[in-house]
Every structure is written in structure tokens, then in C-alpha cells.
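A look at the structure
In case you want the letters, here they are:
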Amino acid sequence: MDCDAIVIGAGISGLYQLYRLRELGLKVRVFEAGTGVGGTWYWNRYPGARFDSESYSYGYSFSQELLDEWHWTEHFSPQPQTFKYLNYVADKFDLRRDIQFKSRVAAAHYSEATRSWEITLEDGRRHGARFLITAIGPLSAPTMPRIEGIDTFEGQSCHTARWPHEPVGFEGKRVAVIGTGATGVQTIQEVAKTAGTLTVFQRTPNWCAPLHNARIGEEEMREIRSRYPEIFERCRETFACFLHTPDPRATSEVTPEEREALFEKLYDNRGFGMWQGNFRDILVDRKANALVSDFVARKIRQRVKDPKVAEMLIPRNHGFGTRRVPLETRYYEVYNQPNVTLVDISRTPIERIMPTGIKTSDSEYEFDMIIYATGFDAITGSFDRIDIRGADGLRLKDKWKGGPKTWLGVQVEGFPNMFMVMGPHTALGNIPRSIEYNVEWVTGLIRHMREHGLTRAECRPEGVKAWTEHVKALGEGLLSNEIDSWMTGINRNVDGKETRIVARYSGSAPAYRARCDEVAANGYREMALS
Ligand code: NAP
């Protein structure tokens, strides 16, 4: 063992975990595949990448000094500023000295004899530690589509999560974007500004809502700073830690006029309000969901001039909010531009990528650049990509066949001393808020172990069974659980990810924290500690 704890990943989770464990006096090493810190915000530097949550609710809350010093320049921080922020954090807390960059972890094996973990980097170097903390993110394993000829394209091509560090210009170029999830939408609306032509290949339209971003001046930032305690208090109280939380009324409890008025208000307000701040029944009741879907469909028809294109942009196979809602800035208006074409590949599928472009079942298109906004092998994908083996040599990937089984989303039976930050079955929602909680909980457990001279921590099988069943039960009745998306574990670009699983905790964040707090308050008696 060359240190006490190994953390995989130097994103928002890994940086904070390092900070907290160091405070306990542990010797910590962080291994990061990238050349710098930032995780999601290091990799996803595609044009238009930005927060979809209010910046001041989406940074770290643990340091008053940091809150006092940092100026968010926009209500929804653009990637370059977020990247700068995370670098500022790394410098301010002198985190870099314990981070090894360009170090992708290929394997992590537990040894019962030493009660420790040994990791192997892609280059073969090995490191050992008592504790292993995975801070590898729920959306960090990008997936390319399985299309014939994909390697034959002679122009420039790139997945959005592997965007080059050098600036990429679109002026005069013929650009294709495949994929219309939250990433595709952000990319499309930005690329459309300068591309010679932009052709969007859409398989499934998504329901989007306006972001309403705006700049934040000095005075407004001062005012926001004065409200930080209130902002974080609100995030602690709301269902998914967002500033937005469902309206307590059901659609059936108001008049049609009142209903429309709230829809209009939410559509005009910034952020996730339309999704997270809507009537309490829109995500569970089909009739209520149809009402909000109809409202957004009307907005799309109003905003897109060509009625045929408008109809193509209206989802038919799922209702509003049953997949993650992309937030947009003049996204629908992009399709009114003469340089932009929408291709419905559910009707005319892509047959192959050619050296010069893309061939669908009815046309051939020539491009200078193809952008793949085709998403991630979500939640479990980043775990699957590492050969993680527990006490009996069992591979985590095999253990999780058919869906992950966890205890509190933090531990897996048979994988002692391994703790997951933002693993499956943990409350996601406003992710930095959930990260801070997860990290602090893991830190509390490690503190407890050190204070009591304990060297092995493992969850109990009955705990795993109960938590996994609880998470499954929470999802019952949610319309989103009937829909294919990364949230239900579907990714047809990955073998074995064709059937829905329950990988996501869909209960409330306060309830999640209450359960975890209870475990800590009872001295972690629910775990096997020795
Ligand atoms: P995504 O939501 O999974 O979308 C992937 C897109 O690619 C979908 O439109 C999908 O079509 C399409 N696609 C995948 N494989 C394809 C294939 N073989 N052929 C044609 N089309 C294909 O991924 P994402 O947009 O990267 O977003 C993932 C998540 O990351 C988001 O939901 C969000 O949670 C997070 N995110 C956050 C932000 C933010 O906070 N600002 C920004 C971006 C992303 P189908 O729908 O038909 O499968």
C-alpha cells in the first residue's frame, strides 16, 4: 500500500473527496485519465456546453471563502467558466499535488489478505490503498453509434465528450450533428450560428424547455452571495436539490385557465422550472402529462415556421419530462434558418458513414465535419469499463448483470472498502449538491473506522436487498420508467444495454439523506465493520 485512499477521477466528486480525506489526515492519491481537473467539465468542451442549473446552486458550498471569491458571470455557467472554476478550486486548496493525470485506471482488485485495493493503470503501473473511492461520474463513458463505415469518414469527426482542446471553427463548413439529447441541443443551437450548413440527424425528438440564460453583473453577484445560505437551504429541502420543486397542486385541482397560466409562467422562467417546478402530477399521471405535453407542442408549432418540421420536432413516443428535458436557447428557431436541415432518421435511417459524408436510406449527404452527440453508457458504464473485482474475485460488471445492486448507492456486497460517489442508486438530481453529501458521508464513515481502529467495511446482504428493492419500488408509477433513455439504462450502442434496468434512485433527496444519516447516527451498525 502506498497510500491510505485511492480516488478514481478528478471531477467535482474526486476533488472534494480528496479535500475531505486530506482533512482527516489521510494520504490520498487521485488518478485521473485527463490531463487536467474538471471531469465532466474537462471532457465536455463541445460548443455551447453549459450548466442547465443555476450556477450559484451548482458550485461547491463547503467553503465560505470560495463562495465569497467566485463570481459566476452567467446564470447558467458556460463550460469554459466552469472549467476555470474547477481549476481555481484545485489551486486554491492545493489539490493538484495529490492528483496523477494521464492515468486511466484499467483495473481495481481487492485483496482480503491485506484488506486493501490494488489498482492497475492502463500503462501497467500499480498502486495500493486501504480504501478505494470511485468518483467516476454517472455520465462519463461516451458511446459512439454502431454505424457501418464510421472509421472511413475523411473529414473531421468527434464525439461531444471527446471534443478537442484546440478551438474548432464552423465557418463555411458543412456540419452534421447526430443526436438530439441535452448535448445535441446545446451543440446544434451553437453550431447553427456560424456553420455554412448544418444537418441534424434526429432519431427521437426530445421535449425541450427554454433556459432563459442571462449575464450576472457585479451587483447582482453581490446580491446572490448574500443569499447563498438561503439558496443552499432551499436545495437541501427540495425533492431533487434543485431551486425548483413541484407545485403542490395537481393539474385536476385548478381551472384550465390557472393551469395554462402556470405553464406559461414556467415556460417564461429560467431553468428547470417547467420540468421540476410543475404540477405535482405531470410525471405520474398520463392525463396531466398529456396536458403539459400539449402545451409544449403548441409552443413548438408557434416557434417553428415550417409546420412539417415542427411536427418532426414534437415527440410522439414519450410525454414531456419523462426523459431528461434539454434546456434550450432559440433551439427551435434554428430550424427556421435557411442553412439548417432536419433529417428524421427514424423514417430514413442512416445506412452508413461514407468517406465524404452520410448515406441514409433515401439520400447521400456530403460533410466536412460529423459531430456525434450520441450520449453515454450511463450510470454503470464507467464502472463496466474498469475491471473491478471484489473479495471473491467476482467482477463487478458480472455482479451487476441485470441491474446494479447496491447499499445506499454507496457500497456493493463483496467489495469491502470500496465506496462510490455518485454511483448507481444514489440521489442524483442537482449533482454537486448530491456529491457534497455523498463525499461527506463517505468521509464520516472513514473517520469512524479510523477512530475505532477498523480496517474493513462492507455492507450486509440484507441491506443490499432492502435498498435495491426500495429503489425499484420508488420508480414504480413514474412515467419515466416506461420510457427508453439513459435514465432507464438503455443504450443500444452497447451490448447488454437493450433492456431497462433500475439504476437510478428516484426518491427524494431529503429522504435519501435521512436514511444515510440514520445509518451514521447508529454508529454504522448496519454494516459489517471489523
Ligand atoms: P442522450 O440524452 O443519451 O442523447 C443521445 C442522443 O443520441 C439521442 O438523441 C439518441 O437518439 C442519439 N443516438 C444515440 N445513438 C444513436 C444512433 N446509433 N443513431 C442515431 N442517433 C443516436 O445523451 P446526451 O445528450 O449526451 O445527454 C446525456 C445526459 O447528460 C443528459 O440527459 C443530461 O443529464 C447530461 N447533460 C447535461 C447537460 C447540462 O447540464 N448542461 C448538458 C448535456 C448533457 P435516441 O433518443 O433515439 O436514442
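Residues numbered from 1 in each chain as written. Predicted model: local features only at pLDDT ≥ 70, side-chain atom pairs only at ≥ 80, totals over all residues. Heavy atoms only, no water.

Close to the ligand lie 24 residues, the nearest being Arg50, Thr183, Arg203, Thr204 and Trp486. Measuring from an oxygen atom of the ligand, one finds a side-chain N or O atom of Thr183 at 2.6 Å. Arg203 places a side-chain nitrogen or oxygen 2.8 Å from an oxygen atom of the ligand. Element by element, the count of residues in the shell around the ligand is highest for helix H6 (residues 182-191), at three residues. (Near = heavy atom within 4 Å. Polar contact = N/O pair within 3.5 Å; in protein donor to acceptor, adjacent residues only side chain to side chain. Helix = DSSP H or I, 4+ residues; strand = E, 2+ residues; numbered from the N terminus.)

A word on the sheet that holds strand E14 (residues 357-360). Within the open sheet, the three strands sit side by side as E13-E14-E15. Their pairing is antiparallel. Edge positions in the sheet fall to strand E13 (350-354) and strand E15 (364-366), since each has one partner strand and no second. Direction aside, the axes of adjacent strands within the sheet are offset by 20° on average. By the bridge criterion, four bridges tie E13 to E14 in an arrangement that is antiparallel. Counterpart to Ile353 in the pairing with E14 is Ile358. (Pairing = 2+ DSSP bridges. Axes fitted to C-alpha atoms, helices over the stretch in contact; angles between N-to-C directions.)

The next thing to look at is helix H17 (residues 461-475). Note on helix geometry: an α-helix contains 3.6 residues per turn, so any two residues three or four positions apart are oriented the same way. The terminal C-alpha atoms of H17 lie 22 Å apart, and with 15 residues this matches the ideal 21 Å at 1.5 Å per residue to within 8%. All of the buried residues along H17 are Gly463, Val464, Trp467, Thr468, Val471 and Gly475. The arc enclosing the buried residues of H17, seen along the axis, measures out at 125°, which places them on a common side. Facing away from the buried side of H17, by more than 90 degrees, are the exposed residues Glu462 and Lys465. Elements that come into contact with the buried residues of H17 comprise strand E19 (457-459) and helix H18 (509-521). Remark: Gly477 follows H17 within two positions and exhibits a positive phi of approximately 95°. (Expected span 1.5 Å × (residues − 1). Buried < 20%, exposed > 50% of the residue type's maximum accessible area, 1.4 Å probe, protein only. Arc of directions from axis to C-beta. Contact = heavy atoms within 4.5 Å.)

Time to look at the sheet that holds strand E9 (residues 197-202). The strand order across the open sheet built from five strands is E7-E16-E8-E9-E12, with neighbouring strands paired in parallel fashion. Lying at the two open borders of the sheet, with one neighbouring strand each, are strand E7 (156-159) and strand E12 (340-344). Across the sheet, the axes of successive neighbouring strands diverge by a mean angle of 15°, strand direction being ignored.

Attention shifts here to the domain arrangement of the protein. Domain assignment breaks the protein into domain 1 (3-37 + 95-141 + 378-529) and domain 2 (174-219 + 242-372). The straight-line distance from the C-alpha centre of domain 1 to that of domain 2 is 33 Å. Of the residues lining the interface, 12 residues belong to domain 1; the matching set on domain 2 comes to 12 residues. Summing both partners gives a buried area of about 970 Å² for domain 1 against domain 2, and 63% of it is carried by carbon and sulfur. On the domain 1 side of the interface with domain 2, the three residues burying the most area are Leu479, Ile483 and Met487, jointly 49% of the side's total. Run the count over domain 1 and domain 2 and you get one salt bridge. The partner of Glu482 in a salt bridge is Arg286, and the shortest N-O contact between them spans 3.0 Å. Scanning the region where domain 1 abuts domain 2 turns up three residue pairs in polar contact (both at pLDDT 80 or more). (Domains from an automatic or database assignment. Buried area = accessible area lost by both parts, 1.4 Å probe. Salt bridge = Lys/Arg side-chain N within 4 Å of Asp/Glu carboxyl O.)

Moving on to the pattern of salt bridges. Pairing is possible between side chains of opposite charge, provided their charged atoms come close. Summed over the entire model, instances satisfying the criterion amount to 43 salt bridges. Its salt-bridge partner being Lys193, residue Glu190 comes within 3.0 Å of it at the nearest N-O pair. The residue Arg515 makes a salt bridge to Glu518 at a minimum N-O spacing of 3.4 Å. Highlighted residues: Arg515 and Glu518, both in helix H18, separated by three residues, approximately one helical turn. For Arg515, a relative accessible area of 24% gives the class partly exposed. Overall, the relative accessible area of 39% leaves Glu518 in the partly exposed class. One network of salt bridges, in which partners are shared, links Arg22, Asp94, Arg97 and Asp98.

The full count for this structure, using the stated rule, is 38 aromatic pairs. Here a set of aromatic residues connected by ring pairs shows up, and it is made of Tyr16, Tyr19, Trp41, Phe51, Tyr58, Tyr60, Phe62, Trp70, Trp72, Tyr85, Tyr88 and Phe93. Positioned above the aromatic ring of Phe83 is the side chain of Arg45, whose terminal nitrogen or guanidinium carbon lies 4.8 Å from the ring centre. (Phe/Tyr/Trp six-rings, centres within 6.5 Å; stacked < 30°, edge-to-face > 60°. Lys NZ or Arg CZ within 6 Å of the ring centre and 35° of its normal.)

Here strand E4 (residues 105-111) pairs with strand E5 (residues 116-121) via six bridges, running antiparallel. In the sheet register, Ser111 faces E5, and the bridge partner there is Ser116. Linking E4 to E5, which pair antiparallel, is a turn of four residues; within it Arg115 sits at a positive phi near 50°. Both E4 and strand E17 (residues 387-389) contribute to a ladder of three bridges, which runs parallel. Directly across from His109, in E17, lies its bridge partner Arg389.

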